[in-house]
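Summary of the model geometry
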Amino acid sequence: MAGEKKQLAAGASKKKMEKKTKQPVRLYAKGVILGYKRSKSNSYANCTLLKLDGVRTREDAAWYFGKRVAYVYKAKKEVKNSKFRVMWGKIRRAHGNSGVVRAKFRKNIPPRAFGAPCRVMMYPSSI
């Protein structure tokens, strides 16, 4: 009887240990900022091209239309107790047939952000 209680107690402590080691869940899709939409001689800074992880076709990209995009970067000056800042945008449409999408940000993305990661939020949802 006493041995069973010890085993149950040991099992309960193992469960508690498992919960503490749980990794945080990522609630966004990863993407990379490629650059501005452009032609041979003109560039359009108000339209940004993004490459999303796992998106290889125009049809795959369609699911992301209307989703919010966050470009998170670090600044030197602290504002509201944080050195991190965010630029928000929205995915508008596909660009070509290989899964690249066009996004419009509230303020144009600076060129130093080209090649930097961005976060594609799973909202607003159309499911």
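Residues numbered from 1 in each chain as written. Predicted model: local features only at pLDDT ≥ 70, side-chain atom pairs only at ≥ 80, totals over all residues. Heavy atoms only, no water.

1. Digging into the overall build of the chain
The test is simple: Helix and strand definitions here come from DSSP, where helices need a minimum of 4 consecutive H or I residues and strands a minimum of 2 consecutive E residues; each element is numbered from the N-terminal end. Note on exposure labels: buried denotes an accessible area under 20% of the residue type's maximum, exposed denotes more than 50%, and partly exposed covers the range between, all computed with a 1.4 Å probe on protein chains only. By the convention used here, residues are in contact when the closest approach between their heavy atoms is within 4.5 Å. Accessible surface is estimated by sampling points in the Shrake-Rupley manner with a 1.4 Å probe; for residues, cover comes only from the protein chains shown.
Looking only at helices and strands, the chain features two helices and six strands. For the chain, the α and β elements follow one another from N to C terminus as α-β-β-α-β-β-β-β. A total of 127 residues make up the chain; the buried ones form 27% of that total. By sequence separation, contacts in the chain at least 24 residues apart represent 57% of the contacts at least 6 residues apart. Of the roughly 9600 Å² of accessible surface on the chain, 54% is carried by carbon and sulfur atoms.

2. Considerations on the nonpolar core
The criterion, for reference: Throughout this description, the term nonpolar core refers to a set of buried Ala, Val, Leu, Ile, Met, Phe, Trp, Tyr and Cys residues connected via side-chain atoms within 4.5 Å.
Core analysis: the biggest nonpolar cluster contains 19 residues, and Leu-50, Leu-52, Tyr-71 and Ile-91 have the highest contact counts within it. Residue contributions to this core peak at three residues, all from strand E5 (residues 100-105). Ignoring sequence-local partners within four residues, the contact set of Leu-50 consists of Val-32, Ile-33, Leu-34, Val-69, Ile-91, Gly-99, Val-100, Val-101, Ala-103 and Cys-118.

3. Some thoughts on the side chain of Arg-102
To be explicit about the condition: For the purposes of these results, a polar contact is taken to be a pair of N or O atoms within 3.5 Å, where, inside protein, one atom must be able to donate a hydrogen and its partner to accept one; residues adjacent in sequence count only when each atom of the pair is a side-chain atom.
Within the fold, Arg-102 resides in strand E5. Separated by 3.0 Å, the side chains of Arg-102 and His-95 make a polar contact.

4. Topic: the packing of aromatic side chains
Here is the rule: To pair, rings of Phe, Tyr and Trp, with the six-membered ring standing in for Trp, must have centres within 6.5 Å; the planes then decide the type, stacked if under 30 degrees apart, edge-to-face if over 60, and tilted in the middle. Both a distance and an angle decide whether a charge sits over a ring: NZ of Lys or CZ of Arg must be within 6 Å of the ring centre and within 35 degrees of the ring normal.
Across all of its chains, the model carries three aromatic pairs by this definition. With 5.1 Å between their ring centres and 85° between their planes, Trp-63 and Tyr-64 make a pair best called edge-to-face. For Tyr-64, a relative accessible area of 12% puts it in the buried group. Between Arg-26 and the ring centre of Tyr-28, over which it is positioned, the NZ or CZ distance is 5.8 Å.

5. Quick look at the pairing of strand E2 (residues 43-52)
Put simply, the rule reads: Note: two strands are recorded as paired if DSSP finds a minimum of 2 bridges between them.
Sheet topology places strand E1 (residues 28-38) next to E2; seven bridges connect them, and they run antiparallel. Note on E2: the bridge partner recorded for Ile-33 is Leu-50. If you look at the hairpin formed by E1 and E2, you'll find four residues sitting between the two strands. Sheet analysis places E2 next to E5, joined by four bridges and oriented antiparallel. Looking across to E5, one finds that Leu-49 is bridged to Arg-102.

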